[in-house]
Amino acid sequence: MTQPAQPNPPPQPDPRSRPEPQARPSSQPAEAARLGELLRTPGYLKTLMFCGVVGIPVSLAAFWFLAGLQALERLMWVSLPHAAGFDSPPWWWPLPLLLVSGICVGLIVTRFPGGGGHVPASGLHPGGTGPAALPGVLLAAVFSLPLGATLGPEAPLIALGGGLAVALRHLTGTPETPMSAALLTAAGSAAAIAAIFGNPLIAAVLLMEVAGVGGPQLFAVMLPALLSSGIGSLVFTGFGRWTGLPTGDLKLKPGVEFPRLDVGDVVWTVLMAVVISGAVHLIQHGGRSAARRVAGRPLLVTVLCALGAGVCAAAYALGTGLDPADVASSGQNTIGRLVGDPHAWGAGALVAVLLCKGAAFSLCLGSLRGGPIFPSLFLGAAAGVLCSPLPGLGVGAGLAAGMAAATVSAMRLPVSTVVLVVLVLGSTTMMPVAILSTVVAFVTAELLPPGPPIPPVGRSCRPAH
């Protein structure tokens, strides 16, 4: 009996002729397609158009808010001393002003929704303050900044812009979604913060970093790129006797030329960044400790901290014979005098202002309301001028290194810090120093142990989502 024929087995492919495995398709086309779909979404386009429109009332509100703060500050520190028969504020002048500030802010923290805004020691936060919390935020800023708080106006401005944008959305009936809320608060905050810096670029970069776009991975990728670009730029700007390579740029000639960088500039920049970062960490640690005590007894501790900041300003004026407003202010106006004529400040005055303003800054961070940018800029500039006589450093590199190290240690926003320092100096010549100092100080600050957590203060106010 014959066996049925077996089917022939399928031919095996020659291993030598196997096709190469296909590469996985890149995610870039998919991401581009998703972006295109997002841009075609009617809800996104409506929100985008509303963000452009909302920038007009927010910018006007931010302008008049800042104008009001400046008018009040001039009244408290110029007009009233003159009316009392003083050419300048006497040494004791900050004491009654900051006592009133502490009482008023303490009452706002305990009785107003939102507690007058977030505690400055916790850092900058993106917009999103609910409209119900805005009165407390604005009043706390009015009773803090013009009366001598060693803080800046950027945090109240961010809250003002975000809160107004959310309030206007409610008035117009714009659909409420998590994406629209995030876009509106970011747009409103950016429009408001641009009023103080006078530059939309720094406002956009600052809000992008404050909002935490990309999370920790963004900083992990950004720091090496930032450091490499700063070191690589020395090839074009020159280093020591190396004159650099000429290249086309869009840089305008500044009125004052900075000298060429040298080895001493780079070496001292690294050392300054580490020391300044550690000093700012101590200031923030003190502010967080004060904030924890404020949470337990808001009114009493707020008054004591504000009065302590006034004592620091009075001690500075008594010891140096200079204006107590050098300490009892954000430093926004004083830094112009310091950078404009750094040699007018003696070493003793610089040491005194660093110690007294640093202590007042720490106390105000935990008690009053405002932001950390301008005080940290001033402290960094003062430290840079104090260190400028070091062999091989110079005033220009000292200013760039000091301001960058202090600001990034206070804000933890490296790209915003570099842009801000370059904007303040009005020249890109010192950008490599600013980048190097920023990266070193940022890494140092992140490696230092975190301070104590800050408990919530005041009446809760649920932010709008």
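About the thresholds
Residues numbered from 1 in each chain as written. Predicted model: local features only at pLDDT ≥ 70, side-chain atom pairs only at ≥ 80, totals over all residues. Heavy atoms only, no water. Helix = DSSP H or I, 4+ residues; strand = E, 2+ residues; numbered from the N terminus. Contact = heavy atoms within 4.5 Å. Areas by Shrake-Rupley, 256 points an atom, 1.4 Å probe, with all protein chains shown as cover. Axes fitted to C-alpha atoms, helices over the stretch in contact; angles between N-to-C directions. Parallel < 35°, antiparallel > 145°, perpendicular 65-115°, else oblique. Left-handed = near helix turned anticlockwise from the far one by under 90°. Core = buried A, V, L, I, M, F, W, Y, C linked by side-chain atoms within 4.5 Å. Buried < 20%, exposed > 50% of the residue type's maximum accessible area, 1.4 Å probe, protein only. Phe/Tyr/Trp six-rings, centres within 6.5 Å; stacked < 30°, edge-to-face > 60°. Disulfide = S-S within 2.5 Å.

All right, on to the overall build of the protein chain then. The number of helices and strands found in the protein chain is 17 helices and zero strands. Sequence-distant contacts in the protein chain: of pairs separated by 6 or more residues, those separated by 24 or more amount to 78%. Of the roughly 22600 Å² that the protein chain leaves accessible, carbon and sulfur atoms contribute 68%.

Before going further, it helps to examine the packing of helix α3 (residues 94–111) against helix α11 (residues 298–320). Running from N to C, α3 and α11 point in directions that differ by 155°, and their axes come no closer than 8 Å. In terms of orientation, α3 lies roughly antiparallel with respect to α11. By crossing handedness, the relation of α3 to α11 is classed as right-handed. Facing Pro 94, Leu 95, Leu 98, Leu 99, Gly 102, Ile 103, Val 105, Gly 106, Leu 107, Val 109 and Thr 110 of α3, the residues of α11 in contact are Pro 298, Leu 299, Thr 302, Val 303, Ala 306, Leu 307, Ala 309, Gly 310, Val 311, Ala 313 and Ala 314.

Leu 157, Ile 193, Phe 197 and Leu 206 are the most contacted members of the largest nonpolar core, which has 100 residues in total. Among the elements that line this core, the one with the most residues is helix α15 (residues 395–411), at eleven residues. Setting aside chain neighbours within four positions, we find Leu 157 in contact with Ala 62, Phe 65, Leu 66, Ala 192, Ile 193 and Ile 196.

A word on the packing of aromatic side chains. This structure, assessed with the given rule, holds four aromatic pairs. Measuring from centroid to centroid gives 6.0 Å for Phe 86 and Trp 92, while their planes differ by 80°, and the two rings are edge-to-face. Taking relative accessible area as the criterion, Trp 92 reaches 32% and is therefore assigned partly exposed. With centroids separated by 6.4 Å and ring planes inclined at 65°, the aromatic side chains of Trp 345 and Phe 378 adopt a geometry described as edge-to-face. In this pair, Trp 345 sits in the loop between α12 (334–340) and α13 (347–365) while Phe 378 sits in helix α14 (residues 373–387), placing the two residues 33 residues apart along the sequence. For Trp 345, a relative accessible area of 10% translates into the label buried. Chaining the aromatic ring pairs together yields one cluster made of Phe 86, Trp 92 and Trp 93.

The next thing to look at is the state of the cysteines. Scanning all chains against the criterion turns up zero disulfides. In this structure Cys 364 is not part of a disulfide, and its nearest cysteine sulfur, from Cys 305, lies 8.4 Å away. You can call Cys 364 buried: its relative accessible area is 0%.

Next up on the list: the environment of Gln 332. Structurally, the position occupied by Gln 332 is in the loop between α11 and α12. On the accessibility criterion, Gln 332 (30% relative accessible area) is partly exposed. Here the alpha-carbon distance between Gln 332 and Pro 153, two residues 179 residues apart in the chain, equals 9.9 Å. Every residue in contact with Gln 332, bar those within four places of it in the chain, is listed here: Ile 196 and Phe 374.

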